[in-house]
Amino acid sequence: MKKWIVLLAVLLIGGTAIYVYREIQRAGEEADRPYEVVPMTDAGIAEGLASPDLKTRLDAVAQLEKLPTVQRKSALLGALAAAAAAARLTAVTALGEGFGADGEVVTALLEVAKEDPDADVKEAAFAVLTSSGDPRVLSVAAEVLLAVDASLAAKLAAAKTLDRLTGRETAKPLQATFDSAGEAADDLGMDWDDWITEHADGLEWNAEAGRFE
């Protein structure tokens, strides 16, 4: 298959710009060689969608249309329970492409938006749910905002979802805080990188204290 098929599949796998960028980087080596999709059985496609391996997921995505509609939906719903966040993101994005208004899918994505530990997966689920017309999305988004264990990124996605669905503009202060925190983290990271570069050769492990000195 042509290289553009690889990139198209990667775009389907990625629900956010950052994730797409990472996946395209990882797929670069594959794109430099003639790409051949490994034929899969119906069961193999379902299994491949949940794989942590990028090439396997690409092959599965490329062959999704081989499955009957009901079987395709079932395979994607099953991949929502995959151990790898990248595989769950693949499933969320693909479900949004063909099943965004399906009641069973909406219910499953509500659970993903509420419970998934990965902020990118949560954001992708909310993105699909915004066009569902299901009022439960509002309650789930509010729950994420109130959750003590949700990341700031997840809370921001929930706030933006609430704004999109109600016409309000409440997320701007949180967005500003998020941007500021990201800049502060970058500055701190550069500071630590400089410190490690300067001190690395002289550091020794103090087992009793449990730290480098």
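Once a new chain begins, its residue numbering starts again from 1 and follows that chain's sequence as written. Local features in this predicted model are restricted to residues whose pLDDT is 70 or higher, and side-chain atom pairs enter the listing and the counts only when it is 80 or higher, whereas totals over whole chains, interfaces and linings include all residues. Side-chain measures were taken over the full set of non-hydrogen atoms in the model, leaving aside hydrogen atoms and water.

Trainee: I would appreciate a short explanation of the overall build of the protein in the present structure.
Mentor: Helix and strand content of the protein: eleven helices and two strands. The buried share among the 213 residues of the protein stands at 39%. Whether two residues are in contact is decided by their heavy atoms: any pair within 4.5 Å suffices. Sequence-distant contacts in the protein: of pairs separated by 6 or more residues, those separated by 24 or more amount to 51%. For the protein, the computed accessible surface area is about 12,200 Å², with 57% contributed by carbon and sulfur atoms. A run of H or I in DSSP becomes a helix once it reaches four residues, and a run of E becomes a strand once it reaches two; helices and strands are each numbered from the N terminus. Per-residue accessibility, obtained with a 1.4 Å probe over protein chains only, is compared with the maximum for each type, and a residue is labelled buried under 20%, exposed over 50%, and partly exposed between these values. Residue-level accessible areas treat just the shown protein chains as cover; the underlying method is Shrake-Rupley with a 1.4 Å probe.

Trainee: Got a minute to help me understand a nonpolar patch on the surface in this structure?
Mentor: Nonpolar side chains collect at one region of the surface, where Leu188, Trp192, Trp195 and Ile196 lie side by side and expose about 410 Å² of accessible area between them. You can see tryptophan 192 is positioned in helix H11 (residues 172-199). Grouping into patches uses exposed residues only, defined as over 30% relative accessible area, and leaves out salt-bridged ones; the cut-off is 9 Å for like charges and 5 Å for nonpolar side chains (Val, Leu, Ile, Met, Phe, Trp, Tyr). The salt bridge criterion pairs a side-chain nitrogen of Lys or Arg with a carboxyl oxygen of Asp or Glu, the two atoms within 4 Å.

Trainee: How do you make sense of the pattern of salt bridges when you look at a structure like this?
Mentor: Opposite charge on two side chains permits pairing when their charged atoms draw close. Applying the stated rule across the entire model yields nine salt bridges. Across the pair glutamate 65 and arginine 72 runs a salt bridge whose closest N-O atoms are separated by 4.0 Å. Notably, a salt bridge pairs glutamate 143 with lysine 114, separated by 2.9 Å at the nearest N-O pair. With glutamate 143 in helix H9 (residues 136-146) and lysine 114 in helix H7 (residues 103-115), this pair connects stretches of sequence that are 29 residues apart. Among the ionic contacts, a cluster of salt bridges with common partners joins Lys73, Asp102 and Glu104.

Trainee: Help me out: how do you make sense of the environment of leucine 109 in this one?
Mentor: The residue leucine 109 is located in helix H7 in this model. Overall, the relative accessible area of 1% leaves leucine 109 in the buried class. Leucine 109 has contacts with Leu80, Val92, Leu95, Ala125, Val128 and Leu129, leaving out every residue within four places of it along the chain.

Trainee: Sorry if this is basic, but what is going on with the side chain of serine 51 here?
Mentor: Turning to its location among the elements, serine 51 is positioned in the loop between helix H3 (42-49) and helix H4 (54-62). The class for serine 51 is buried, based on a relative accessible area of 12%. Residues in contact with serine 51, not counting those within four places in the same chain, are Thr56, Arg57 and Ala87.

Trainee: Please explain the confidence of the model for the protein as it appears in this structure.
Mentor: Detailed reading of the predicted coordinates is not advisable wherever pLDDT falls low. Scored by pLDDT, the protein comes out at a mean of 85, with 84% of its residues at no less than 70. Note on scores: pLDDT gives the predictor's confidence for each residue, bounded by 0 and 100. Taken element by element, the predicted model of the protein shows its lowest mean pLDDT in helix H1 (residues 3-13) (44) and its highest in H7 (96). Contacts of residues 1-22 to residues separated by more than four positions or lying in other chains number 44 contacts, the stretch itself having pLDDT below 50.

Trainee: Would you take a moment to explain the packing of H7 against H9 for this structure?
Mentor: One can describe the packing of H7 onto H9 by two numbers: an axis separation of 9 Å at closest approach and a directional angle of 15°. Here H7 lies roughly parallel to H9, going by the angle between them. Judged by the twist between their axes, the crossing of H7 over H9 is right-handed. On H9, the residues touching Val106, Thr107, Leu110, Ala113 and Lys114 of H7 are Arg136, Val137, Val140, Glu143 and Val144. Of the residues in the contact of H7 with H9, the class split is six nonpolar, one polar and three charged. The axes are straight lines fitted to the C-alpha atoms, using for helices just the contacting stretch, and the angles between their N-to-C directions are given from 0 to 180°. Each angle is binned into one of four classes, with values under 35 degrees roughly parallel, values over 145 roughly antiparallel, values of 65 to 115 roughly perpendicular, and all other values oblique. Here a crossing is taken to be left-handed if its near helix is turned anticlockwise relative to the far helix by less than a right angle, and right-handed if that turn runs clockwise. Throughout this entry, Asp, Glu, Lys and Arg are counted as charged residues, while Ala, Val, Leu, Ile, Met, Phe, Trp, Tyr, Cys and Pro are counted as nonpolar. The remaining residues, Gly among them, count as polar.

Trainee: Looking at this model, I keep getting lost on H7. Mind explaining?
Mentor: Working note: α-helix, 3.6 residues per turn, so residues spaced by three or four point in the same direction. Counted at 1.5 Å a residue, the expected span for H7 with its 13 residues is 18 Å, and the 18 Å between its end C-alpha atoms agrees. Within H7 the residues assigned to the buried category are Val105, Val106, Leu109, Leu110, Val112 and Ala113. The arc enclosing the buried residues of H7, seen along the axis, measures out at 165°, which places them on a common side. Two to three positions downstream of the cap, the backbone nitrogen of glutamate 104 sits 2.9 Å from a side-chain oxygen, assigning the N-cap of H7 to aspartate 102. In this analysis, the expected span of each helix is defined as 1.5 Å times one less than the number of residues it contains. The reported arc concerns the directions from the helix axis to the C-beta atoms and nothing else. Within 3.5 Å is the distance limit for a polar contact, defined as a pair of N or O atoms, with the added protein rule that one can donate a hydrogen and the other accept it, and that residues adjacent in sequence qualify only through two side-chain atoms.

Trainee: Would you mind going over the side chain of threonine 93 with me for this structure?
Mentor: Following the sequence through the fold, threonine 93 ends up in helix H6 (residues 85-99). Of note is the side chain of threonine 93, whose polar atom sits 2.9 Å from the backbone oxygen of leucine 89.

Trainee: Looking at this structure, I do not really get a negative patch on the surface. What am I missing?
Mentor: As used throughout, the charge tally considers Lys and Arg to be positive and Asp and Glu to be negative, leaving His and the chain termini uncounted. Just so you know, the charge point we use is NZ for Lys, CZ for Arg, CG for Asp and CD for Glu. On the surface, Asp179, Glu183, Asp186, Asp187, Asp191, Asp193, Asp194 and Glu198 cluster together into a patch of negative charge. Relative to the assigned elements, aspartate 194 resides in helix H11.

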